[in-house]
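Here's the letter readout for the chains.
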Amino acid sequence: MLFLLTVLSGLPLMLLYAPSVERAYHSVKDIEHVAAFGWWLRAVHWVAAHLMVAAVLLHLARVFVTGAYKNGSGPGQRRQWNWVIGVAMLLVTLCVSFTGYLLPWDQRAFWAVTVGTSILSSAPAAGPLLRAWLIGGPVIGQAALSRFYALHVVVLPAILVVLLAYHMWRVLKDGGLAAADRERDNGAQPRHGRPASDLVLRLAAVTMATFAAVNLAALALRAPLDEPANPFATPNPAKAPWYFLWLQELVTDLTIRAGPVSVNGAIVGGLVVPGVLLALLTAWPWLDRSGPDTAGRWFPAARRGQNAVFVAAVLAILALTSVGLWLRGPSWGFYWPWDVRPGQPTRF
C-alpha cells in the first residue's frame, strides 16, 4: 500500500517536475507553493517513501527472527529463495529512495547524494568507475540528475513490481506463511489460512489505516526543501540519507590513524562491513541449521543464539544511525544535545 501511494502521488508530480539542473529546484518550489494541493501530493510521496523503507526493514527483521525463511512440511517449498528475493527487494527499495533524494536539487539532496556516492567511489579500482557510471561523469550535474530521474520513475519501480509479484506468488506456492505449516502439523485450523473473504477484510482495514496514517502525517509534516543546490557551498555537516547514516558514521569510526597504523574507514566501514553483512544475510537460510519445527515461531530456543546476534547487529545499526542523525554537528564533530555547537547562539 505504501508503494502504491508512492506511485499514485508520484504520477502527477512527474508531470509537474522538470528534470534539468536549471529548472528542477524551481519546478519543485512551484509544486510546493503554486500548484493546487502540490504541497500535499509531495508530502504524501515523501512520507510514503520513507515509511516504505522502514516497513521493508521491519518486515525483513520479522521474517528473520521467526525463521520464516525455512521450509516446513509442505511439498515443493522454496522459502530460502523467496528470502533472497526479499533481500533484493530491500536493496531496490533503498535505491528507489536514494535516486529520488536528488530530484529536488536543493542543498540537502545534492550533498546527501554526494556523500552517498563518495562512499561508493572508495572501492578499490572499480569504485571511481562505478561512481562515474552512476552519475554520468566526474561530478554531479545534469547527467546525474537525468540518470537518477530515469532510474527513479521507470527502471527501479518496474524491477520492484516484478520482484513483488514473484515474491507474493512464491508465498502462495509455498503454502502461505511459515506459521501456517506449524499450525497444520499440530492439527489445528491455521489462523494464517483463513477464508479469502476474511483476508480481503483484513487487507481493506490495513489499506484504509495506511492511507489515513500517511495523509495525517502529510498534513503535519511538510516535505523538506532547502536552498538551491550549490556545488561550491558545502553544508557543515553534509549528511547522507537517514538509512545510510549508519554507514557514514561507521566510515568515521573506522578511520584510524595512529602512528604507522592507518585504516581506511571508507573501504572498511563503507564497503567491507556492509558487504559482509549483506552476504551473510543473503546466505543465512542455508547457514541456519535449526530444524523445520522452528519455522514461523518467535524466538525459539533452537535459534536463540543467531537471533541474539541479529538483534545485536540491528541495535548497533540503530545506534550508529542515531549518532549520525542527532549527535553529529559541524565538521562531523560529536556533540551532546546540551552542547553548544559552533554557530549556535549560547543559551542562558
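Preceding this paragraph is the structure being described.
Residues numbered from 1 in each chain as written. Predicted model: local features only at pLDDT ≥ 70, side-chain atom pairs only at ≥ 80, totals over all residues. Heavy atoms only, no water.

Thoughts on the nonpolar core
Here is a general trend for soluble globular proteins: nonpolar side chains tend to be buried in one another's company. Formed by 39 residues in total, the largest nonpolar core has its most connected members in Trp-83, Leu-102, Trp-105 and Ile-140. In terms of residue count, helix H4 (residues 79–101) provides more of this core than any other element does, six residues in total. Beyond its immediate stretch of four places on either side in the chain, Trp-105 contacts Val-21, Ala-24, Tyr-25, Phe-110, Ile-140, Gly-141, Leu-145, Pro-228 and Ala-229. Among the nonpolar cores identified, the runner-up in size contains 17 residues, and Met-52, Met-89, Val-92 and Val-96 belong to it. (Core = buried A, V, L, I, M, F, W, Y, C linked by side-chain atoms within 4.5 Å. Buried < 20%, exposed > 50% of the residue type's maximum accessible area, 1.4 Å probe, protein only. Helix = DSSP H or I, 4+ residues; strand = E, 2+ residues; numbered from the N terminus. Contact = heavy atoms within 4.5 Å.)

A few points about the side chain of His-167
With respect to the secondary-structure elements, His-167 resides in helix H7 (residues 142–173). For His-167, the side chain forms a polar contact with the side chain of Asn-82, separated by 2.9 Å. Dropping the residues within four chain positions of it, His-167 is found in contact with His-59, Asn-82, Ile-85, Gly-86 and Met-89. (Polar contact = N/O pair within 3.5 Å; in protein donor to acceptor, adjacent residues only side chain to side chain.)

Points about the pattern of salt bridges
Within the structure shown, the criterion is met by eight salt bridges. Close ionic contact of Arg-42 with Glu-32 constitutes a salt bridge, the shortest N to O distance being 2.9 Å. Taken together, the residues span a long stretch of sequence, with Arg-42 in helix H3 (residues 38–65) and Glu-32 in helix H2 (residues 24–33) at a distance of 10 residues. This pair shows no difference in class: Arg-42 is buried, exactly as Glu-32 is. Residues Lys-70 and Asp-288 are paired through a salt bridge, measuring 3.9 Å at the closest nitrogen-oxygen approach. (Salt bridge = Lys/Arg side-chain N within 4 Å of Asp/Glu carboxyl O.)

In short, shape yes, function no, at least from these values alone.
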